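# Structural characterization, general
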Amino acid sequence: MGPKARIGVARGPLARAGRLSLLVAASAALLSGGGFTSREVTVGVDPWKLGGTLLLPQGQPPWAAVVLVHGPGPNDRDETVHATHIFRDLAEGLASRGIAVLRYDKRTKVHGEKMSEMEFTTEQETVADVLSALALLRSTPGIAGTKVFLIAHSLGGYLAPRIAARDPKIRGIVFLAANARPVEDMALEQNIYVANLRGDPSAEAKARLDSLRAEVQKVKKLAAGTANPPIVMGLPSAWLLDLKGYDAPAAAKRLAVPMLFLQGERDFQVTMTDFRLWSDGLRGSSAASFHSYPRLNHLFIAGPNKSIPAEYRLGGNFEAEVTADIATWIQKIAP
C-alpha cells in the first residue's frame, strides 16, 4: 500500500474548480438529441472501468470525433463545477455540428478511494484512460479513425503533448485554457490572486499563503532516488516527480499535428501568461494557432467583470462562439 493521498491539488481554486477493449455497456441505449444520438459506453477494462457518454451525429458517417480530456481533480464526464457542465455543453454543441464526442468520468472520480492508497502518477490519473478512449473511438462503427482529435482543458491541456507523443495517430489537439507552467506554481499564483481580491490579505490569509509557499518549496526539492515526503500539496510525490522538468510547450513543438490554443482573457486560474508561454514556445510553428476571448473565464463562460471563484456558483454555459470556432477548425483539418 502506498501513502493515502487526497485526490487533486489540495489548495487553490484550480483544485476546487476541479472538484472542479473498451466495451459498449450492455445497457447502452440510443437517445434522441438535438441533431445527435447518445450512447452509454465503458472506457477501459477492469479494475479501472469508467462510465462514459458517446454522442454520434445524425447524418452520413464517417464522422470526425474528439475525446474530451479533464482538468485537475476528480471530474465527472460533464466536468461539473457547481452549476456548470461545460463538457456536456461542448459535447452537445459539437455533435450538433457533425462531430462525434466521447466524454467519460475521470479515474479519480470513479476509483478515488482505491487510488488514494497508491502512489499514482499522471499515467494512472489521466494518460492511460485517454489512450483507451481514443482506441474506443477508432473501434466504433461510423467514426473516421484517421480523424480523431483531443480537446483538453486546463491540466488536461498541460498533459496533451505527452498524450499525443504516445498516440501518433491523433489528428489534432485543441488546448482549452491549458497551463504551460508547473502545477505548484499555478496553485500558488491562484491563491495569491484570491487572497488579494479585497485588498490587503488578512493575517490568516497571509499565513495560509506562507504555508503554501513552504509546500511549493518542498515540491521544488523533490528528487528521484531520495527520501521524499510521501505526500506534498495533497498529491503523491510520485505524481509530482513524474512532471519534474516537463516542459509542455517544448513537448508540443516536437509534435507533428495541428494545434489550436484557446484562452479566456478573464481566466485567473490559467492566465494570459500561460497563453503567451505557449505562443512563445511554438513560435515559428505552422502547426499552432492561437485565439483569446476577452469576456471568458477559465470555464469559457462569459462575464463582464473580473473573474472570482464565486462566479462559478452562478452557472452559465460554455460559450457557443468557442464551440463554433472549434468545430470550424476540426472540419477544416478533417473535411
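The shown structure was predicted, so the numbers you read here are calculated from the model rather than taken from an experiment.

### Remarks on the overall build of the protein
- For the protein, the count of helices and strands is 12 helices and 13 strands.
- Counting across all 335 residues of the protein, residues that qualify as buried make up 56%.
- As presented, the protein carries roughly 13,800 Å² of accessible surface, and 53% of it is formed by carbon and sulfur atoms.

### Examining the environment of Gly316
- Turning to its location among the elements, Gly316 is positioned in the loop between strand 13 (288-293) and helix 12 (320-333).
- Its relative accessible area of 31% is what places Gly316 among the partly exposed residues.
- As a C-alpha pair, Gly316 and Gly303 span 13 residues in sequence and 9.5 Å in three-dimensional space.
- Once residues lying within four places of it in the same chain are set aside, the contact partners of Gly316 are Thr84, Asp89 and Ile301.

### Focus: the environment of Gly303
- The residue Gly303 is located in the loop between strand 13 and helix 12 in this model.
- Those residues within four positions of Gly303 in sequence are excluded, and the remaining contacts are Arg266, Arg295 and Glu311.

### Some points on the nonpolar core
- Judged by nonpolar contacts, the single largest core of 63 residues is most densely connected at Val67, Leu102, Leu150, Ile163, Ile173, Met259 and Trp278.
- In terms of residue count, helix 5 (residues 122-138) provides more of this core than any other element does, seven residues in total.
- Apart from residues lying up to four places away in sequence, Leu102 is in contact with Val41, Val43, Thr53, Leu54, Val66, Val67, Leu68, Ala133, Leu136 and Leu137.
- Formed by 36 residues, the second largest nonpolar core is a distinct cluster that contains Val81, Phe149, Ala177 and Ile333.

### Quick look at the pairing of strand 13
- Examined bridge by bridge, strand 12 (residues 259-264) and strand 13 share six bridges and lie parallel to one another. Bridge pairing in strand 13 places Met259 opposite Ala288.
- On the question of chirality, the crossover connecting strand 12 to the parallel strand 13 by way of helix 11 (residues 272-281) is right-handed.

### Considerations on the confidence of the model for the protein
- Here the protein averages 90 in pLDDT, while 90% of its residues score no lower than 70.
- Across residues 1-33, where pLDDT falls below 50, the model places 108 contacts with residues more than four positions away in sequence or in other chains.

### A few points about the packing of helix 7 (residues 183-195) against helix 8 (residues 203-221)
- The N-to-C vectors of helix 7 and helix 8 enclose an angle of 170°; their axes lie 10 Å apart at closest approach. The orientation of helix 7 relative to helix 8 falls into the category roughly antiparallel. On the side of helix 7, the interface is formed by Glu184, Asp185, Ala187, Leu188, Asn191, Ile192 and Ala195, while helix 8 contributes Ala205, Leu209, Leu212, Arg213, Val216, Val219 and Lys220.

### Examining the packing of helix 2 (residues 86-95) against helix 12
- Between helix 2 and helix 12, the shortest axis-to-axis distance is 10 Å and the interhelical angle comes to 50°. For the element pair helix 2 / helix 12, the angle class is oblique. Both helix 2 and helix 12 take part in a crossing whose hand is right-handed. Residues Leu90, Gly93 and Leu94 of helix 2 pack against Thr323, Ile326 and Ala327 of helix 12.

### Things to note about the environment of His153
- With respect to the element layout, His153 can be found in strand 8 (residues 143-153).
- The class for His153 is buried, based on a relative accessible area of 2%.
- Residues His153 and Gly71 lie 82 residues apart in sequence; the distance between their C-alpha atoms is 5.2 Å.
- The residues touching His153, leaving out its near neighbours within four places in the chain, are Val69, His70, Gly71, Glu79, Ile86, Phe87, Leu176, Ala177, His298, Leu299 and Phe300.

Conventions and cut-offs
- Residues numbered from 1 in each chain as written.
- Predicted model: local features only at pLDDT ≥ 70, side-chain atom pairs only at ≥ 80, totals over all residues.
- Heavy atoms only, no water.
- Helix = DSSP H or I, 4+ residues; strand = E, 2+ residues; numbered from the N terminus.
- Buried < 20%, exposed > 50% of the residue type's maximum accessible area, 1.4 Å probe, protein only.
- Areas by Shrake-Rupley, 256 points an atom, 1.4 Å probe, with all protein chains shown as cover.
- Contact = heavy atoms within 4.5 Å.
- Core = buried A, V, L, I, M, F, W, Y, C linked by side-chain atoms within 4.5 Å.
- Pairing = 2+ DSSP bridges.
- Right-handed = clockwise from strand over helix to strand, strands pointing away.
- pLDDT = per-residue confidence, 0-100.
- Axes fitted to C-alpha atoms, helices over the stretch in contact; angles between N-to-C directions.
- Parallel < 35°, antiparallel > 145°, perpendicular 65-115°, else oblique.
- Left-handed = near helix turned anticlockwise from the far one by under 90°.

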